[in-house]
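# Breakdown of the fold
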Amino acid sequence: MEIIAIGGYNEFGRNMTEVKVGGESVILDMGIKLDRVLIHEDTDLSAMDSAELVKRGIFPDDRFVQGNVKAIVISHGHLDHLGAVTKLADKYNVPIYGTPYTVELIKSEKKYNRGFKGGERVCAVHPGEIIEVSKNIRIELVHVTHSILQASFIVVHTPDGVLVYANDFKFDDNPGLGEKTDYNRLMELGQEGVKCLIIESTRVMEEERTPSEEIAKKLLDDTISRCDEDAGLIVTTFSSHLPRIKSILDTAQLVGRTPVLLGRSMAKYSGIGEKLGLFKLPKATSVYGTPKAVRGVLKNIDSEGRENYLIIATGHQGEHDAILSRISNRDFDYHVRKDDQIAFSANVIPNPQNVANRYVLETKLRIQGARMIKGLHVSGHAAREDHRYLLRVLNPENIIPCHGDLLMLSSYTELAESMGYELNKDIFLIRNGQKVEIR
Ligand SMILES: [Zn+2]
């Protein structure tokens, strides 16, 4: 079994891995690097070919792929795991697998390539199903909790043993929306034997167990219920995080404000969730996706009394084209007033680009008199103690950390060493373009 690091091993983003067995291979994830997208904000990414997107560091460099690819499997619906599919996948001309929610997101992801032909090759895999991909490769998706619905571990069954690709998860026993992690299946896999674990390392340096979504809900309820009743209230969060959106909708009901969801991506993620019956908007809640609809409803809110509404909007990272940034730029007939409250149900993703954008956003809002309320958030990624637990359950023979810079990967290595693994013997640090052969 060979594992080839294509993207996401030098950085946070553009995840892509190839697993090769008996001359056949499967690709796991095809993501983009979001902060590189922001740097090139003025360019039309859909007009660029994939070589240009690779050169700009937005796409993983798939020239490292060794070939004879039999399938592409996507772990979950975040853009750093599926954002490159519509432009990179067509050339392989193979089935693309994911959970039903992930599959619908792939079909809707047209930003980089409106001519995506793989729509009919995208197939939904349900829990418990094992898909025969080729002579040597069968794949399975095991449900895990994360900050998006229907996230999964990809399990690759091969004659050389079982590989588990655990790229993005947390262990949340009160996720609010969606199921708990399928612990039983993970325990079975551990008992049957796991040859290799590829594992995200984003928060391994945090010495804690990542708190449940239930804690975020309590933070929201406790804070929002004590906000000024006669002022405006905007809550911004990840549009893909439907469990969080549900928590915010519940909070709106608690404080007696009418919730309004604004932004194209809010409409996309909640619309697909509703279509699949995974998510239900409360009665009298509306989603406004198009610029015209957003403009119209903000005008109404301004004239009817902002204190009656709880606006849920995109823009917590200060993205230029998001609703909150545009409100701060006075693009709409809804201007921030003194003592309006802007609540952040998301942390700043710590790269200089986001930090700078967020600084600009907050400064503009403050100048107009708004007050910031931060920290109404819990992470979607496993922390050190969650990782320790997973290692005990799966007891893998070999480990390859991914989804992080060298600091994160090496911190994971230290954790594994403390549990008896040895660098270059059964835990391997690799960089984009490198490979490991597991015997
Ligand atoms: Zn993710």
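Keep in mind it's a predicted model, so treat the numbers as computed, not measured.

What follows deals with the domain arrangement of the chain. When the parts of a complex come together, some accessible area is lost, and that lost area is often taken as the interface size. When cut into domains, the chain gives domain 1 (2–209 + 380–437) and domain 2 (213–373). Averaged C-alpha coordinates put domain 1 and domain 2 at centres separated by 30 Å. Contacts between the two partners involve 23 residues from domain 1 and, on the opposite side, 21 residues from domain 2. Joining domain 1 to domain 2, the criterion identifies 1 salt bridge. The interface formed by domain 1 and domain 2 holds 4 residue pairs in polar contact (both at pLDDT 80 or more) in total. Contributing elements (two or more residues each) for the side of domain 1 that touches domain 2: α1 (34–39) and α5 (100–108). Top contributing element to the side of domain 1 that touches domain 2 by residue count: α5, with 5 residues. Taken together, the residues of the side of domain 1 that touches domain 2 break down into 10 nonpolar, 7 polar and 6 charged.

Turning to the coordination of the zinc ion, a few remarks are in order. All of the protein donors around the zinc ion are His 76 (NE2), His 78 (ND1), His 146 (NE2) and Asp 168 (OD); their distances to the metal are 2.1 to 2.2 Å. Its 4 donor atoms give the zinc ion angles of 91 to 164 degrees at the centre, a pattern that matches the irregular case. Within one chain, the residues donating to the zinc ion are spaced in sequence as H-x1-H-x67-H-x21-D. Of this pair, His 78 sits in the loop between β4 (69–73) and α3 (79–82) while His 146 sits in the loop between β8 (138–144) and β9 (151–158), and the two are 68 residues apart along the sequence. For the pair His 78 and His 146, a shared accessibility class is recorded, and that class is buried.

Glycine aside, a negative phi is what most residues show, and trans is what most peptide bonds show. The backbone phi angle of Asp 168 is positive, close to 95 degrees, even though this residue is not glycine. Residue placement: Asp 168 occurs in the loop between β10 (161–166) and α6 (183–192). Taking relative accessible area as the criterion, Asp 168 reaches 1% and is therefore assigned buried. Non-glycine residue Asp 339 carries a positive phi angle of around 75 degrees. Along the chain, Asp 339 turns up in the loop between α11 (323–328) and β16 (341–344). For Asp 339, a relative accessible area of 27% corresponds to the partly exposed category.

This next bit is on the packing of helix α7 (residues 213–224) against helix α8 (residues 242–255). Contact geometry of α7 with α8 gives a least axis separation of 9 Å together with a crossing angle of 30 degrees. Classed by the angle they form, the pair α7 and α8 counts as roughly parallel. At the point where α7 passes α8, the crossing takes the right-handed sense. Along the contact surface, α7 presents Glu 213, Ala 216, Lys 217, Leu 220, Asp 221 and Ile 224, while α8 presents Pro 243, Arg 244, Ser 247, Ile 248, Asp 250, Thr 251, Leu 254 and Val 255. A breakdown of the residues in the contact of α7 with α8 according to their chemical character gives 7 nonpolar, 2 polar and 5 charged.

This paragraph deals with the sheet that holds strand β6 (residues 122–124). Across the sheet, which stays open at both edges, the 7 strands sit in the order β6-β5-β4-β3-β2-β1-β19 with mixed pairing between neighbours. The open sheet has two edge strands with one neighbour each: β6 and β19 (435–437). Averaged over all neighbouring strand pairs, the angle between strand axes comes to 20 degrees, with direction disregarded. As judged from the 5 bridges shared by strand β1 (residues 2–7) and strand β2 (residues 16–21), these two strands associate in the antiparallel manner. Note that in β2 the partner of Ile 4 across the bridge is Glu 18. On the sheet, α5 packs against β5 (96–98) and β6 and is oriented at approximately 160 degrees with respect to β6.

What counts and what doesn't
- Residues numbered from 1 in each chain as written.
- Predicted model: local features only at pLDDT ≥ 70, side-chain atom pairs only at ≥ 80, totals over all residues.
- Heavy atoms only, no water.
- Domains from an automatic or database assignment.
- Contact = heavy atoms within 4.5 Å.
- Salt bridge = Lys/Arg side-chain N within 4 Å of Asp/Glu carboxyl O.
- Polar contact = N/O pair within 3.5 Å; in protein donor to acceptor, adjacent residues only side chain to side chain.
- Helix = DSSP H or I, 4+ residues; strand = E, 2+ residues; numbered from the N terminus.
- Nonpolar A, V, L, I, M, F, W, Y, C, P; charged D, E, K, R; others polar.
- Donors = N, O, S within 2.8 Å, 3.2 Å for Na, K, Ca; no water.
- Tetrahedral: all angles 85-135°; square planar, octahedral: opposite > 155°, others 65-115°.
- Buried < 20%, exposed > 50% of the residue type's maximum accessible area, 1.4 Å probe, protein only.
- Axes fitted to C-alpha atoms, helices over the stretch in contact; angles between N-to-C directions.
- Parallel < 35°, antiparallel > 145°, perpendicular 65-115°, else oblique.
- Left-handed = near helix turned anticlockwise from the far one by under 90°.
- Pairing = 2+ DSSP bridges.

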